[in-house]
Amino acid sequence: EAGVAQSPRYKIIEKRQSVAFWCNPISGHATLYWYQQILGQGPKLLIQFQNNGVVDDSQLPKDRFSAERLKGVDSTLKIQPAKLEDSAVYLCASSHGTSEQFFGPGTRLTVL
Amino acid sequence: QKEVEQNSGPLSVPEGAIASLNCTYSDRGSQSFFWYRQYSGKSPELIMSIYSNGDKEDGRFTAQLNKASQYVSLLIRDSQPSDSATYLCAYSGAGSYQLTFGKGTKLSVIP
């Protein structure tokens, strides 16, 4: 069974630029999560989708971050404009009917 | 506010010893508990889940849960250098699949 796929793996941008990350969950997993992990910290949930609906986006900085999962499968997370403090690893995870979440390899974002 | 507390370490143990990792949580409504292993530069990997009080064993790993004390632990027997990683404790609350993570404990197994 293929795992969670993410791209790109690495991204370097200047502050105030925009960036987008893509995630493809494990086949059949209805629930998809985006996390932000800053160095030395645990992952912090940004947004949770159930199929193509948002379950919780209370910790998503909506002035600059947006996410969508239009067809209930793939998802994109966008940052516009990026700030220095957005430098982190962005992790996508998925689950099927439980809290057991499986993570993709992540995208390491560096904002200069 | 939901919190998960872990000793950040590093925790150093000799090869072959038992490594003991501890975690406390603040949300009394927590239902499910997880341990993830994260190697440097890699993403978290689920290694144990535990849902009821007591012990759960899987190979060299044993998870222990005490809901009354709001405490969960992970024991790694016969520690190997390949166990050197950061171990993240996480939990989900009733009716939710969301996970709240601790900051992780860095484990170093010394050959």
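So, a few notes on the structure that sits alongside this text. Being a predicted model, the structure only gives us computed values, none of them experimental.

### Focus on the pairing of strand E9 (residues 88-95) of chain A
Residues and elements named next belong to chain A.
And then number 1: With eight of its eight residues buried, E9 lies for the most part within the structure.
And then number 2: In E9, alternate side chains face the same way, and those of Ala88, Tyr90, Cys92 and Ser94 on one face and Val89, Leu91, Ala93 and Ser95 on the other are all buried.
And then number 3: Both strand E4 (residues 31-37) and E9 contribute to a ladder of seven bridges, which runs antiparallel. Its bridge partner lying in E9, Trp34 is registered against Cys92.
And then number 4: As paired elements, E9 and strand E11 (residues 107-111) share three bridges and run antiparallel to each other.

### A short note on the environment of A:Arg9
And then number 1: With respect to the element layout, A:Arg9 can be found in the loop between strand E1 (5-7) and strand E2 (10-13).
And then number 2: For the pair A:Arg9 and A:Pro105, spaced 96 residues apart in sequence, the C-alpha to C-alpha distance is 7.5 Å.

### Points about the sheet that holds strand E7 (residues 61-66) of chain B
Residue and element names in this part refer to chain B.
And then number 1: Pairing within the open sheet is antiparallel, and its five strands lie in the order E1-E3-E8-E7-E6. Edge strands, defined here as strands with exactly one partner in the open sheet, are strand E1 (4-6) and strand E6 (54-58). Within the sheet, the average angular offset between the axes of one strand and its neighbour, ignoring direction, is 20°.

Basis of the calculations
- Residues numbered from 1 in each chain as written.
- Chains lettered and ligands numbered in written order.
- Predicted model: local features only at pLDDT ≥ 70, side-chain atom pairs only at ≥ 80, totals over all residues.
- Heavy atoms only, no water.
- Buried < 20%, exposed > 50% of the residue type's maximum accessible area, 1.4 Å probe, protein only.
- Helix = DSSP H or I, 4+ residues; strand = E, 2+ residues; numbered from the N terminus.
- Pairing = 2+ DSSP bridges.
- Axes fitted to C-alpha atoms, helices over the stretch in contact; angles between N-to-C directions.

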